[in-house]
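# Structural overview
The lines below spell out each chain.
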Amino acid sequence: LSLDDVGFSRLYRTTAQDLVVFFARRTYDAEAAADLMAETFAKAYLGRRRFRGSTDEEARAWLFGIARRRFAMYVRRGKAERRALNRLGLERPQLVEGEYARIEELAGLDAMRGTLTAQLDRLAPAQRWALELRVVRELPYPDVADRLGISEQAARARVSRALRALGTALDGVAAIQR
């Protein structure tokens, strides 16, 4: 499989929808999902000569590997990087209202939001508070521990248990939607 311009264009056509759903189910934000999808394809295009696979499945796996790294960067920094798009001279894709709704529908975000809200309500108050401090307020673990009056390891454990419970609930929704 060659990732020349024609091959890359075919990869885009066959994978773009799955990729935007992948991001939407992780960010719960159609605009962020579209940005991350564009960044993933920009990064892949820049690195297409390094692709060593020979099948469509290998190209897809390679692309989703790039997507997972893009998402990890998005989470760490709180926003998607735009460097790859700038290097290519591309502008951020502008979605119209119907496209946002379609991405949310494809990803089943309404069901996921409902599940997330219900699961947050089921968390023990100590876990919910630790999760809010760490994830929503983006405090470092030492500060979370100070605010909760517990050790840093206990704070990490509370956040981990809360995230695991939320992840398990969301995995169940995603499995039903497939």
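As a reminder, the structure under discussion sits directly above these lines.
So, a few notes on the structure that sits alongside this text.

### A short note on the packing of aromatic side chains
Per the counting criterion, the structure on display carries seven aromatic pairs. Each ring, one from phenylalanine 22 and one from phenylalanine 64, has its centre 5.4 Å from the other, and the planes form 90°; the classification is edge-to-face. Remark: phenylalanine 64 occurs in helix α3 (residues 56-77) and phenylalanine 22 occurs in helix α1 (residues 5-27); sequence separation between them is 42 residues. Side by side, phenylalanine 22 and phenylalanine 64 carry an identical accessibility label, which is buried. Here the aromatic residues Phe8, Tyr12, Phe41 and Tyr45 are joined through ring pairs into a cluster of three or more. Taking the ring centre of tyrosine 45 as reference, the NZ or CZ of arginine 48 above it sits at 3.8 Å. Just above the ring of tyrosine 141 sits the side chain of arginine 134; from NZ or CZ to the centre is 4.4 Å.

### Focus on the layout of surface pockets
Roughly 770 Å³ of volume is contained in the largest pocket. Lining the largest pocket are 22 residues, with Arg26, Val75, Val135, Val136 and Leu163 positioned closest to its centre. Secondary structure elements with two or more residues in the lining of the largest pocket: α1, α3, α6 (109-122), α7 (125-136) and α9 (152-177). Among the elements that take part in the lining of the largest pocket, α7 stands out by supplying six residues, more than any other. A per-class count over the lining of the largest pocket returns twelve nonpolar, three polar and seven charged.

### As for the packing of α7 against helix α8 (residues 141-148)
Running from N to C, α7 and α8 cross one another at 145°; their axes reach a closest spacing of 9 Å. Where α7 crosses over α8, the handedness of that crossing is right-handed. When α7 is examined against α8, the residues Trp129, Ala130, Leu133 and Arg134 are found in contact with a partner set consisting of Tyr141, Val144, Arg147 and Leu148. Tallied by class, the residues present in the contact of α7 with α8 amount to six nonpolar, no polar and two charged.

### Some words on the packing of α1 against helix α5 (residues 97-107)
Two numbers describe how α1 lies on α5: the axes approach to 9 Å, and their chain directions differ by 80°. The angle between α1 and α5 places the two elements in the roughly perpendicular class. Residues Gln17, Val20, Val21, Ala24 and Arg25 of α1 pack against Ile103, Leu106 and Ala107 of α5. Residues belonging to the contact of α1 with α5 are distributed by class as follows: six nonpolar, one polar and one charged.

### Notes on the pattern of salt bridges
Counted under the stated rule, the structure contains five salt bridges. Ionic pairing is found between arginine 60 and aspartate 18, a salt bridge with its closest N-O pair at 3.0 Å. Pair noted here: arginine 60 is in helix α3 and aspartate 18 is in helix α1, with a separation of 42 residues, a long-range link. Given the relative accessible area of 33%, aspartate 18 is considered partly exposed.

Cut-offs applied
Residues numbered from 1 in each chain as written. Predicted model: local features only at pLDDT ≥ 70, side-chain atom pairs only at ≥ 80, totals over all residues. Heavy atoms only, no water. Phe/Tyr/Trp six-rings, centres within 6.5 Å; stacked < 30°, edge-to-face > 60°. Helix = DSSP H or I, 4+ residues; strand = E, 2+ residues; numbered from the N terminus. Buried < 20%, exposed > 50% of the residue type's maximum accessible area, 1.4 Å probe, protein only. Lys NZ or Arg CZ within 6 Å of the ring centre and 35° of its normal. 1 Å grid on protein atoms, 1.4 Å probe; cavity = no way out; pocket = protein on both sides within 12 Å on 5 of 7 lines; lining within 4 Å. Points joined across faces, edges and corners; volume = space filled by probe spheres on them. Nonpolar A, V, L, I, M, F, W, Y, C, P; charged D, E, K, R; others polar. Axes fitted to C-alpha atoms, helices over the stretch in contact; angles between N-to-C directions. Left-handed = near helix turned anticlockwise from the far one by under 90°. Contact = heavy atoms within 4.5 Å. Parallel < 35°, antiparallel > 145°, perpendicular 65-115°, else oblique. Salt bridge = Lys/Arg side-chain N within 4 Å of Asp/Glu carboxyl O.

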